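# Results of the structural survey
Listed below are the residues making up each chain.
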Amino acid sequence: MNDIKENLKAYLDGELSAENAERVRSALETDASLREEAEFMRALSASFRKMQTNRQVSGQAAAVEKASARKIHWALSPAGLASAAAALVFVFFVGKALLLAPRRAERSEIAVTPLAEPRETALSKESGANAAKSKPQRSREYLKSPSWGGPASTKAAPTERKMTADTFMPRQVVRNATVKMRVAKIQTAEDKVTLLVTGWGGYIEDSQSANSESENPTVVMVLRIPVSRFDEAISELEKLGVRRDRRINGRDVTGEVVDIQARLKNLRMQEEAYRQILRQARRIGEVLEIQQQIYAVRGEIESMDAELQSLKKLAALSTITLTLEQRPAGGPNDQNDSGWASDAWANATSGLSSALKALSTAAIWMFVYSPIWAPLVIAVWLISKWASRKTG
Amino acid sequence: MNPIAERAVKGDRQALAEIVRLHYAEVFRFCSRLLNADAAEDAAQETFMKASKLIKSFRGESAIKTWLFGIALNVCRNERRKVKPTLPLQDWDYAENQCENLIEAQALREAMGKLPTEHSEVVILHEMEGLTYDECALALNVPAGTVKSRLHYAFVKLRELLATSETIR
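Residues numbered from 1 in each chain as written. Chains lettered and ligands numbered in written order. Predicted model: local features only at pLDDT ≥ 70, side-chain atom pairs only at ≥ 80, totals over all residues. Heavy atoms only, no water.

### Let's talk about the overall build of chain A
In terms of regular secondary structure, chain A is built from 14 helices and six strands. Within the span of chain A, comprising 392 residues, buried residues form 31% of the whole. At a minimum sequence separation of 6, the contacts of chain A that also span at least 24 residues come to 77%. Split by element, the accessible area of chain A, about 24,500 Å² in all, is 56% carbon and sulfur. (Helix = DSSP H or I, 4+ residues; strand = E, 2+ residues; numbered from the N terminus. Buried < 20%, exposed > 50% of the residue type's maximum accessible area, 1.4 Å probe, protein only. Contact = heavy atoms within 4.5 Å. Areas by Shrake-Rupley, 256 points an atom, 1.4 Å probe, with all protein chains shown as cover.)

### Description of the overall build of chain B
Scanning chain B for helices and strands turns up eight helices and one strand. Evaluated residue by residue, chain B yields a buried proportion of 50% over its 169 residues. Expressed as a percentage of contacts within chain B between residues at least 6 apart in sequence, the contacts between residues at least 24 apart total 63%. Approximately 8,000 Å² of chain B is accessible, and the part contributed by carbon and sulfur atoms is 47%.

### Describing the environment of R171 of chain A
All names here are of chain A. Structurally, the position occupied by R171 is in the loop between helix 8 (136-143) and strand 2 (173-183). The exposed category is assigned to R171, whose relative accessible area is 56%. Linking R171 and G255, residues 84 residues apart in sequence, is a C-alpha distance of 8.8 Å. When sequence neighbours within four positions are dropped, the list of residues in contact with R171 reads D252 and T254.

### Some remarks on the nonpolar core
Counting 76 residues, the largest nonpolar core has L44 and F48 of chain A together with L125, V147 and L162 of chain B as the members making the most contacts within it. At eleven residues, the largest contribution of residues to this core is made by helix 2 (residues 13-34) of chain B. Leaving out residues up to four positions away in the same chain, L44 of chain A has contacts with I103, L108, F155, L158 and L162 of chain B. Among the nonpolar cores identified, the runner-up in size contains 22 residues, and L223, L237, L240 and L324 of chain A belong to it. (Core = buried A, V, L, I, M, F, W, Y, C linked by side-chain atoms within 4.5 Å.)

### Re a nonpolar patch on the surface
Among the surface-exposed residues, V89, F92 and F93 of chain A lie close enough to one another that they form a single nonpolar patch of about 320 Å² accessible area. Relative to the assigned elements, F92 of chain A resides in helix 6 (residues 78-105). (Patch = residues over 30% accessible without salt bridge, like charges linked within 9 Å, V, L, I, M, F, W, Y side chains within 5 Å. Salt bridge = Lys/Arg side-chain N within 4 Å of Asp/Glu carboxyl O.)

### Description of the sheet that holds strand 3 (residues 203-210) of chain A
All names here are of chain A. A sheet is described by the order of its strands in space; here five strands give the open sequence 3-4-6-2-5, paired in mixed fashion. Each edge of the open sheet carries a strand with a single partner, namely strand 3 and strand 5 (242-252). Between one strand axis and the next, the sheet turns through 10° on average, direction left out of account. When strand 3 meets strand 4 (residues 218-226), the two strands line up antiparallel, connected through seven bridges. Pairing of D206 across the sheet is with V222, part of strand 4. (Pairing = 2+ DSSP bridges. Axes fitted to C-alpha atoms, helices over the stretch in contact; angles between N-to-C directions.)

### Here we look at helix 7 (residues 133-140) of chain B
All of the buried residues in helix 7 of chain B are Y133, C136, A137, A139 and L140 of chain B. Along the axis of helix 7 of chain B, the buried residues cluster in a sector spanning 165°; they form a single face. Where helix 7 of chain B is buried, its residues contact helix 2 (8-12) of chain A together with helix 4 (64-82), helix 6 (117-128) and helix 8 (144-161) of chain B. Positive backbone phi, at 65°, marks N141 of chain B, one or two positions downstream of helix 7 of chain B. (Arc of directions from axis to C-beta.)

### What about the interface of chain A and chain B?
Contact residues are listed per partner, giving 40 residues for chain A and 46 residues for chain B. Where chain A abuts chain B, roughly 3,900 Å² becomes buried across the two surfaces, and 64% of that area is made up of carbon and sulfur atoms. On the chain A side of the contact with chain B, F40, F48 and M51 of chain A bury the most area, a combined 19% of that side's loss. If you look at where chain A meets chain B, you find two salt bridges. In this structure, E127 of chain B and K9 of chain A form a salt bridge, with 2.7 Å as the shortest nitrogen-oxygen distance. Between chain A and chain B we count twelve residue pairs in polar contact (both at pLDDT 80 or more) in total. Taken together, the elements giving at least two residues each to the side of chain A that touches chain B come down to helix 1 (2-6), helix 2, helix 4 (32-50), strand 1 (52-53) and helix 5 (60-68) of chain A. In terms of residues, the side of chain A that touches chain B owes the most to one element, helix 4 of chain A, which gives twelve residues. (Buried area = accessible area lost by both parts, 1.4 Å probe. Polar contact = N/O pair within 3.5 Å; in protein donor to acceptor, adjacent residues only side chain to side chain.)

### As for the environment of R263 of chain A
Residue and element names in this part refer to chain A. Within the secondary structure, R263 sits in helix 11 (residues 254-280). Taking the C-alpha atoms as reference points, R263 and I301, 38 residues apart in sequence, are found 8.6 Å from one another. A distance of 2.9 Å separates a polar atom in the side chain of R263 from a polar atom in the side chain of D259.

### A few points about the environment of R275 of chain A
Residue and element names in this part refer to chain A. By the element assignment, R275 lies in helix 11. What makes R275 partly exposed here is its relative accessible area of 34%. For the pair formed by R275 and I294, sequence separation is 19 residues and the distance between their alpha carbons is 7.4 Å.

### Points about the side chain of T66 of chain B
Relative to the assigned elements, T66 of chain B resides in helix 4. T66 of chain B gets classed as buried once you look at its relative accessible area, which sits at 2%.

### Regarding the packing of aromatic side chains
According to the stated counting rule, one finds six aromatic pairs over all chains in the structure shown. Seen from their ring centres, W365 of chain A and Y369 of chain A are 5.3 Å apart, and the 15° between their planes marks the pair as stacked. Look at F30 of chain B and F69 of chain B: their rings are 4.7 Å apart centre to centre, the planes differ by 25°, and that puts the pair in the stacked class. Highlighted residues: F30 of chain B in helix 2 and F69 of chain B in helix 4, separated in sequence by 39 residues. Site record: aromatic cluster; members linked through ring pairs are Y24, F28 and F48 of chain B. (Phe/Tyr/Trp six-rings, centres within 6.5 Å; stacked < 30°, edge-to-face > 60°.)

### Side note on the pattern of salt bridges
All names here are of chain A. If you walk through the whole model with that rule in mind, you get 31 salt bridges over all chains. Here R298 and E302 are joined by a salt bridge, their closest N and O atoms 2.7 Å apart. Taken as a pair, R298 and E302 lie in helix 12 (residues 284-316) at a separation of four residues, close to a single helical turn. The exposure class assigned to R298 is partly exposed, which follows from its relative accessible area of 31%. Linked by salt bridges that have partners in common, E271, R275, R298 and E302 make up one network.

Structure, rendered in structure tokens:
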């Protein structure tokens, strides 16, 4: 009976199969409560069908208009294009600022750091007064020196000097190179190198031979060439045979030179001031103490001067470490032997390695800067989605 | 498949607009049965906005009206979650000259409000929108047997809730 009751509504809706409908119809003829239930269901269905609303249909025109409007891809909508342009401009300027920041720090301008305040002693007070009387400009600078306080502090504080027109110095670069050459005859090549170096105004600082008795002897020569002839020297040396290896590097020591010069100037002024005080000293104790200071300062001056001269010398004369290898006798000449193939292989793989490095560098930059560009891209996408929803 | 629907599936915007013209009123009234009248317009607009995005996925397995009612049902369900639930058929009543032998309207609304949502939805789809059991099944995405049992239990429950003679005029 339960299945009859469960099928009653479906029977009234005409949704039953013929067989089940017949069963329900037969049950209705004999079951009064079933008929009552059916009657209620009919009344309820009629009630639902009769229900109406006074509310007028609204919004149809707008819906039709939206449906017929041509859909523009979010990226091409005005909001999307404007957002993309703003994001590109922002990324461009941020990237430019970040890339240029390190280069600005490398420029020649060196800031001045203020010198430390002097530690006052009886001597410093007196010399300060005397220095102020005799040579105001120099003594004021001298009094500022931290080394005025005693032997432990005779080492001048690191100073930096602002580059002005008066203190302009040409760039001092120490240039070094390592060149390996394969030559036909080592002795011939060695002689030629000696002639070339002399012609360039340089000299051979060191020369060492190895495997002299073997079929492929080698010579390592350290050449000191004037820096102005450096490029020419490299070019000429590579004509001696087949180049196996070459490395060139340069170190800018301009800052160091300027720094040492500034310190030397300070120390010299300090020494002069001590000498002035010495002339006025009356007591033996004071004389001895001042002399000690003078000796200490003089020692620093000598040391720094030596360092400066060494740097200048290095910058004036470049260093080329030249290795000459003689190819085995009777072997194929350098133009046809496997050496050129291995060189070509080395150059090609080196080129490929450089290209891969460049790509990897770009990928790393993209990844590292992703916190900057990724949110912008996401923001542009979200704004465009929102804009497209608004416009439908 | 309906020729207009076929053209709309292929991307014809005018065909889509025609579908909106033909079915907007039905969808609007359907939404107004599930929600209050104020929310019905927004729900109807959103239904057709979703339909325009989903039209390419329409396979013609049901009538376009049934498909639209399925979308409208989901929109109304989402809307009910956001706003305070109201009685179904809140703005619905009988015409003044058609009250005889009918269940009292307020009692019917209250009884419908006490039904579980899945039962009241199937009642509205079948009894008020005139969808067949199969069409209701497609709109609700349930088997036809489920529609049948839900309708049966909805009517049984409504009878219990309306079990006073005063509700019948």
